[in-house]
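For reference, the chains in residue letters:
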Amino acid sequence: MSTGWLEMIFAFAKIGAASFGGGWTIVGIIHASVVGSGWLSQAEFADVVAIAQVTPGPVALNTATLVGFRLHGPLGAVVATASVVAAPLALSFIVAVAAHAKLRDGGKLNEALKTGTIGLLAMTLWGLLPRLYESWPAALASAFAFVAVTRTKINPLWIILGSAAIGAVGRLAFG
Amino acid sequence: MKRFVKRASSMDELTSVGRDARGAAPEAKRPSPAEIFWLFCRISAVTIGGGYVMVPVIQRSVERKGWLDESSFYELFATTQGLPGPLALNVACFIGARLRGPAGFAAGALGILLPPFAAIVVVAAVLHRIADFPLARGFLDGAYAVVPGLVAALLFNMIKKKRWSKRRVAAAVIGAVALIASGAWAVPVFFAVVALARLAEGRAPGASVGRSRP
């Protein structure tokens, strides 16, 4: 927990700059920086992600805010959030307000970004895999979530909340 | 402006709050920055589950209010896809900027950022006191248990939607392996992968223009 402020700011600014394609892609990078450098334990990070997805707002932002809070308290939460949105906000501001650009030529760059995003998702998934052979209920829940999301149009939120409810009841019943 | 509806489990109910009684006018309206802030604040406060859930809610809300029509929304959404940052945040900023310039941009950003921030700080402050209660412990473990499945589903859907060529497959496989091996170097490696994938697109006629719709 002896992470310096500058290290944290730099890490989240970097993560923000690479945050293409929505929340789950960058959870993997946050995991690599935060657990990889020993700022949080694997178990602490799991709690952070669990909370981030059941609280309102973008998952990636919530994760950053929570990690900042864990490391440096309320001010850490403000600084981590500001760091992670700095690059996206600056770029958006330039494109949306200053340049009024449309990036319509985006075809090829967008395709390349999607390829990169697929890589990031694979990385996120890779980091999560050990979880599946550590706990068979988690593996079962994940398998169900995968089938439900790919086969139906159900809102993933219900799967998260349903699994959380089952977890709570199970823990009360079986300890 | 009506107050936030507490039991707004249905998004329809939520997004119709504050809707003009005459219905959406065909002409684009110009809301004040405060109205922009308030709309995004409400959406961000009650929408759990990240960008893929939030963006459709945002779209429906701004169309109903008559702030933007569908094609402007898609055009704007396509632009945000090429930028880093949480989807919902970028979309809100772009809508704000479209409607009210810099003030609207700031209103959109703050509207998205503030509610989750407040919620998270409250949760984080009490968490270490409640995390060891069996009920809370089980809830968090349960919520985390489905994460690998959800990420795998997202990956599966992206792979299914993408139009593949040999070069794209090669770039994606190399990229995935490189990123998995990258550890703390994930960010620079990501940009290298994007550069590689862009090179792999070559100068041949792009097959993907106009495929940015959600």
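Overview of the structure. (Residues numbered from 1 in each chain as written. Chains lettered and ligands numbered in written order. Predicted model: local features only at pLDDT ≥ 70, side-chain atom pairs only at ≥ 80, totals over all residues. Heavy atoms only, no water.)

Here the focus is the overall build of chain B. Counting secondary structure elements, chain B contains nine helices and zero strands. Its helices and strands in sequence order give chain B the pattern α-α-α-α-α-α-α-α-α, from N to C terminus. Carbon and sulfur atoms form 63% of the exposed surface of chain B, whose accessible area is close to 10,200 Å². (Helix = DSSP H or I, 4+ residues; strand = E, 2+ residues; numbered from the N terminus. Areas by Shrake-Rupley, 256 points an atom, 1.4 Å probe, with all protein chains shown as cover.)

Attention now moves to the overall build of chain A. Scanning chain A from terminus to terminus reveals seven helices and zero strands. Reading the helices (α) and strands (β) of chain A from amino to carboxyl end gives α-α-α-α-α-α-α. Within chain A, contacts between residues separated by at least 24 positions form 56% of all contacts whose residues are at least 6 apart in sequence. Here chain A displays about 7,400 Å² of accessible surface, and carbon together with sulfur accounts for 71% of that area. (Contact = heavy atoms within 4.5 Å.)

Another point: the pattern of salt bridges. Note that side chains of opposite charge can pair when their charged atoms are close. Counted according to the given criterion, the structure contains seven salt bridges over all chains. Residues lysine 162 of chain B and glutamate 111 of chain A are paired through a salt bridge, measuring 2.8 Å at the closest nitrogen-oxygen approach. In this pair, lysine 162 of chain B is assigned in the loop between helix H7 (147-161) and helix H8 (166-182) and glutamate 111 of chain A in helix H5 (residues 107-134), connecting two distinct chains. For lysine 162 of chain B, a relative accessible area of 7% gives the class buried. A salt bridge links glutamate 201 of chain B to arginine 168 of chain B; the nearest nitrogen and oxygen atoms lie 2.8 Å apart. (Salt bridge = Lys/Arg side-chain N within 4 Å of Asp/Glu carboxyl O. Buried < 20%, exposed > 50% of the residue type's maximum accessible area, 1.4 Å probe, protein only.)

Of all hydrophobic cores here, the largest spans 115 residues; its most connected members are Phe12 and Trp24 of chain A together with Ile58, Phe73 and Ile95 of chain B. Sort the elements by how many residues they give to this core and helix H5 (residues 87-130) of chain B lands first, with 18 residues. Sequence-distant contacts of tryptophan 24 of chain A, that is, excluding residues within four places in its chain, are made with Val49, Gln53, Val59, Leu121 and Thr124 of chain A together with Val147, Val151 and Leu154 of chain B. (Core = buried A, V, L, I, M, F, W, Y, C linked by side-chain atoms within 4.5 Å.)

Residue and element names in this part refer to chain B. Applying the stated criterion across every chain yields a total of five aromatic pairs over all chains. With 6.2 Å between their ring centres and 75 degrees between their planes, phenylalanine 73 and tyrosine 74 make a pair best called edge-to-face. A ring pair is formed by phenylalanine 190 and phenylalanine 191, whose centres lie 5.3 Å apart and whose planes are at 70 degrees; its orientation type is edge-to-face. Phenylalanine 191 sits in the partly exposed class, given a relative accessible area of 36%. The structure contains a cluster of three or more aromatic residues connected by ring pairs, namely Phe73, Tyr74 and Phe77. Of note, lysine 162 hangs over the ring of tryptophan 164, and the distance from its end group to the ring centre comes to 5.7 Å. (Phe/Tyr/Trp six-rings, centres within 6.5 Å; stacked < 30°, edge-to-face > 60°. Lys NZ or Arg CZ within 6 Å of the ring centre and 35° of its normal.)

The next thing to look at is H5 of chain B. Relative to the 64 Å expected for 44 residues at 1.5 Å per residue, H5 of chain B spans just 32 Å between its end C-alpha atoms, considerably shorter than the ideal helical length. The largest bend along H5 of chain B reaches roughly 150 degrees and is located at arginine 100 of chain B, with the proline proline 102 of chain B sitting one to four residues downstream. (Expected span 1.5 Å × (residues − 1). Bend = angle between axes of the 7 residues up to and from the residue.)

When the parts come together, some accessible area is lost, and that loss is often what is quoted as the size of the interface. Listed as interface residues are 94 residues of chain B and, on the opposing side, 90 residues of chain A. Taken together, the two surfaces of chain B and chain A that pack against each other cover about 8,400 Å², and 77% of this comes from carbon and sulfur. Here chain B and chain A share ten residue pairs in polar contact (both at pLDDT 80 or more) between them. Secondary structure elements with two or more residues in the side of chain B that touches chain A: helix H2 (33-46), helix H3 (51-64), helix H4 (70-81), H5, helix H6 (134-145), H7, H8 and helix H9 (186-201) of chain B. In terms of residue count, H5 of chain B provides more of the side of chain B that touches chain A than any other element does, 21 residues in total. (Buried area = accessible area lost by both parts, 1.4 Å probe. Polar contact = N/O pair within 3.5 Å; in protein donor to acceptor, adjacent residues only side chain to side chain.)

Axis separation between H5 of chain A and H7 of chain B bottoms out at 9 Å; the angle between their running directions is 155 degrees. Compared by their axis directions, H5 of chain A and H7 of chain B come out roughly antiparallel. The two elements H5 of chain A and H7 of chain B meet at a crossing, and its hand is left-handed. Contacts between H5 of chain A and H7 of chain B pair Lys114, Thr117, Ile118, Leu121, Ala122, Thr124, Leu125, Leu128 and Leu132 of chain A from the former with Val147, Pro148, Val151, Ala152, Leu154, Leu155, Met158 and Ile159 of chain B from the latter. (Axes fitted to C-alpha atoms, helices over the stretch in contact; angles between N-to-C directions. Parallel < 35°, antiparallel > 145°, perpendicular 65-115°, else oblique. Left-handed = near helix turned anticlockwise from the far one by under 90°.)

When the terminal C-alpha atoms of H8 of chain B are compared, their 24 Å separation across 17 residues agrees well with the 24 Å that a helix rising 1.5 Å per residue should span. Of the positions making up H8 of chain B, those classed as buried are Arg168, Ala171, Ala172, Gly175, Ala176, Leu179 and Ser182 of chain B. Down the axis, H8 of chain B shows its buried residues gathered within 130 degrees of arc, on one side only. What points out from H8 of chain B, more than 90 degrees from its buried face, is the exposed set Lys166, Val177 and Ala181 of chain B. Against the buried residues of H8 of chain B lie H5 of chain A together with H9 of chain B. (Arc of directions from axis to C-beta.)

Right, let's talk about a nonpolar patch on the surface for a bit. Residues and elements named next belong to chain A. On the surface, a cluster of nonpolar side chains totalling about 480 Å² of accessible area is made up of Trp5, Leu6, Ile9, Leu75 and Val78. At the level of secondary structure, the elements contributing two or more residues to the nonpolar patch comprise helix H1 (5-17) and helix H4 (59-98). If one sorts the elements of the nonpolar patch by residue count, H1 sits on top with three residues. Its location among the elements puts leucine 75 in helix H4. Looking at leucine 75, the relative accessible area reads 54%, which means it is exposed. (Patch = residues over 30% accessible without salt bridge, like charges linked within 9 Å, V, L, I, M, F, W, Y side chains within 5 Å.)

Glancing now at the side chain of serine 182 of chain B. Residue position: serine 182 of chain B is located in helix H8. Classification of serine 182 of chain B by relative accessible area gives buried; the value is 9%. Engagement of the side chain of serine 182 of chain B in a polar contact is seen with the backbone oxygen of leucine 179 of chain B, the distance being 2.6 Å. Residues contacting serine 182 of chain B, with those up to four places away along its chain left out, are Met123 of chain A together with Val189 of chain B.

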